[in-house]
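Letter by letter, the chains look like this.
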Amino acid sequence: MKRALFPGSFDPITLGHYDIIERAITLFDEVIVAIGVNSDKKYMFPLEQRMDFIREAFKDEPRIKVMSYKGLTVDFCKELDIKFILRGLRNPADFEFEKAIAHTNRDLAPIETVFLLTAAKTSYIASSIVRDVIRNNGDYTKLVPKSVRIKQ
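So, how was this worked out
Residues numbered from 1 in each chain as written. Predicted model: local features only at pLDDT ≥ 70, side-chain atom pairs only at ≥ 80, totals over all residues. Heavy atoms only, no water. UniProt positions renumbered as here; feature names shortened; annotations may be inferred. Helix = DSSP H or I, 4+ residues; strand = E, 2+ residues; numbered from the N terminus. Buried < 20%, exposed > 50% of the residue type's maximum accessible area, 1.4 Å probe, protein only. Contact = heavy atoms within 4.5 Å. Phe/Tyr/Trp six-rings, centres within 6.5 Å; stacked < 30°, edge-to-face > 60°. Lys NZ or Arg CZ within 6 Å of the ring centre and 35° of its normal. Pairing = 2+ DSSP bridges. Salt bridge = Lys/Arg side-chain N within 4 Å of Asp/Glu carboxyl O. Axes fitted to C-alpha atoms, helices over the stretch in contact; angles between N-to-C directions.

1. Regarding the UniProt feature "site: Transition state stabilizer" (unreviewed entry) in the protein
- Within this numbering scheme, the UniProt entry marks His17 as carrying the feature "site: Transition state stabilizer" (unreviewed entry).
- Tracing the chain through its elements places histidine 17 in helix H1 (residues 15–24).
- Owing to a relative accessible area of 18%, histidine 17 belongs among the buried residues under this scheme.
- Setting aside anything within four residues of it in sequence, one finds histidine 17 in contact with Phe6, Phe10, Pro12 and Ser127.

2. Focus on the packing of aromatic side chains
- Summed over the entire model, instances satisfying the criterion amount to six aromatic pairs.
- Relative to phenylalanine 84, the ring of phenylalanine 28 has its centre 5.4 Å away and its plane inclined at 55°; by these criteria the two rings are tilted. Taken as a pair, phenylalanine 28 in the loop between H1 and strand E2 (30–36) and phenylalanine 84 in strand E4 (residues 84–89) lie far apart in primary sequence, 56 residues in all.
- Each ring, one from tyrosine 69 and one from phenylalanine 76, has its centre 4.8 Å from the other, and the planes form 10°; the classification is stacked.
- Residue tyrosine 69 is classed as buried on the basis of its relative accessible area of 8%.
- Classification of phenylalanine 76 by relative accessible area gives buried; the value is 7%.
- We note arginine 50 situated over the ring of tyrosine 43; from NZ or CZ to the ring centre the distance is 4.0 Å.

3. What about the pairing of strand E3 (residues 64–69)?
- Pairing of E2 with E3, which is carried by six bridges, proceeds in the parallel orientation. Of the residues in E3, the one forming a bridge with valine 33 is valine 66.

4. Here's the deal with the pattern of salt bridges
- Inspection of the entire model under this criterion finds 15 salt bridges.
- Notably, a salt bridge pairs arginine 90 with aspartate 94, separated by 3.0 Å at the nearest N-O pair.
- According to the relative accessible area criterion, arginine 90 is partly exposed, its value standing at 34%.
- Here the salt bridges share partners, and the residues they tie into one network are Arg3, Glu30 and Lys65.

5. Examining the sheet that holds E4
- Ordered by their spatial adjacency, five strands build an open sheet running E3-E2-E1-E4-E5, and the pairing between neighbours is parallel. Edge strands, defined here as strands with exactly one partner in the open sheet, are E3 and strand E5 (112–117). Taken pair by pair, the neighbouring strands of this sheet meet at an average axis angle of 30°, ignoring direction.
- Where strand E1 (residues 3–8) and E2 come together, six bridges link them in parallel fashion. Note that in E2 the partner of leucine 5 across the bridge is isoleucine 32.
- Contacts between H1 and the sheet are confined to E1, E2, E3, E4 and E5, with E5 contributing the most and set at about 115° to the helix.
- Each of E1, E2, E3 and E4 is contacted by helix H3 (residues 73–80), which is oriented at about 150° to E1, the strand it contacts most.

Set out below in structure tokens:
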């Protein structure tokens, strides 16, 4: 069984993330969306709410799982016996950043990183932009799956 881990903070999940996950499930038997927990980072949404946003978005797809983890992504992959890390690329800056992480991960464990380019229609969307729109009472609904609904 080919399984991939899609790590991130997903604060919140965006249509860009959604697109990557939806396309990845055609390549892998199972995709685990893994929310990394970093105690030094301030999140807009609590962990359980971020997990619920993702679960609800993919409630009809049993091959997509949602988990959280602490520590190195490669250690979590080894713990779950996962051979592939999935990453989305929006632009050349993403590629340069992700390439360095992929090389480091491969040095640490026999795990391959698979890159998928975001769809052109979602390539401008970043969680940080979504959070800024939400903070300023803008219409964030065009940037996230329907499962991300915030009571304001």
